Structure formats: C-alpha cells, structure tokens
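Report on the structure
If you want the building blocks of each chain, they are given just below.
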Amino acid sequence: MSLSMHQRVFTRNIAKLIVYAYQHGLELTFGEAYRTAEQQEIYVKAGKSKTMNSDHLRRLAVDFNVFTNNKLTYDWATVKILGDYWETLHPSNRWGGDWNKNNIKDGFIDVPHFEMHI
Ligand SMILES: [Zn+2]
C-alpha cells in the first residue's frame, strides 16, 4: 500500500475515533497533525519528542486535546478509553500513552498522540 493510501485509511479511522470520543462523553480539539522536519527537530532538542522518525512527518499521526466535563485532561486512564479503541481500528495503530501495547503506564508517555505506524 502506498503512503497516500495509508494516509487516507488513517484519516478515515481518525473520523471514527472522534465519533467514538463524543459517544463516550469526551470532547476533542485538534493539536498537531502534519509536522515539518524543522519543527520536529525543535521538539527533539527540547525533549518533547524522542525521534526524528515521527509519524507526524508522514501525516500519519495526530495529537488531540481531550476534554472531560469541560476540562482539558492529560489523564492517562481517561484517554486510554480512546487509545484502546484506536488500536482496534487497525493493527498498525498505536496510542502514545501505551506505545508497546502492554496496558501499563510505563516508558515515554504521550497521552494526546494517536498514530498509524507503518
Ligand atoms: Zn504526536
């Protein structure tokens, strides 16, 4: 499958994720989706990202601001509801709150991040 085809599958699955969030009492606003290499370098130098191989560079990742009860949250357990659903939509989908899919809050945590890692 071409990168463009993966991007379209990713975008369609993000639509499903948004609908699922609202069905479960969570509201979303967009953070970053596409990111330039220059911006990625700034994040890596600042320690906000660990890699220059981010899926944001390929339009295969998005960061969401998640709201519960009108409040922005980075609570792992709250957003894990979305992470768990995200992983059911495609075998290549990963949530930044559980990169290795072990259901434990360990390692580098990036709660707002959803990606299709091909
Ligand atoms: Zn991200």
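Check the entry above for the structure.
The paragraphs below set out a description of the structure included in this document. Note that the structure is predicted; figures quoted are calculated from it, not measured.

Concerning helix α3 (residues 76-89)
Its 14 residues place the ends of α3 20 Å apart at the C-alpha level, agreeing with the 20 Å of an ideal helix rising 1.5 Å per residue. Every buried residue of α3 is accounted for by W76, T78, V79, K80, L82, G83, W86 and L89. Lining the buried residues of α3 we find α1 (3-23), β1 (26-30), β2 (61-68), β3 (71-73), β4 (93-95) and β5 (113-116).

What to know about the pattern of salt bridges
A side chain of one charge can pair with a side chain of the opposite charge if their charged atoms are brought near each other. Enumeration according to the criterion identifies six salt bridges in this entry. When the shortest N-O distance is used, the salt bridge between D55 and R58 registers 2.5 Å. By relative accessible area, R58 is classed as partly exposed at 22%. One salt bridge in this structure joins K80 and D84, with 2.9 Å as the shortest N-O distance. Taken together, the positions of K80 and D84, both in helix α3 and four residues apart, correspond to about one turn of that helix. Accessibility expressed as a relative area gives 12% for K80, which makes it buried. For D84, a relative accessible area of 34% corresponds to the partly exposed category. Salt bridges linked by common partners bring E32, R35 and D63 together as one network.

Calculation rules
- Residues numbered from 1 in each chain as written.
- Predicted model: local features only at pLDDT ≥ 70, side-chain atom pairs only at ≥ 80, totals over all residues.
- Heavy atoms only, no water.
- Helix = DSSP H or I, 4+ residues; strand = E, 2+ residues; numbered from the N terminus.
- Expected span 1.5 Å × (residues − 1).
- Buried < 20%, exposed > 50% of the residue type's maximum accessible area, 1.4 Å probe, protein only.
- Contact = heavy atoms within 4.5 Å.
- Salt bridge = Lys/Arg side-chain N within 4 Å of Asp/Glu carboxyl O.

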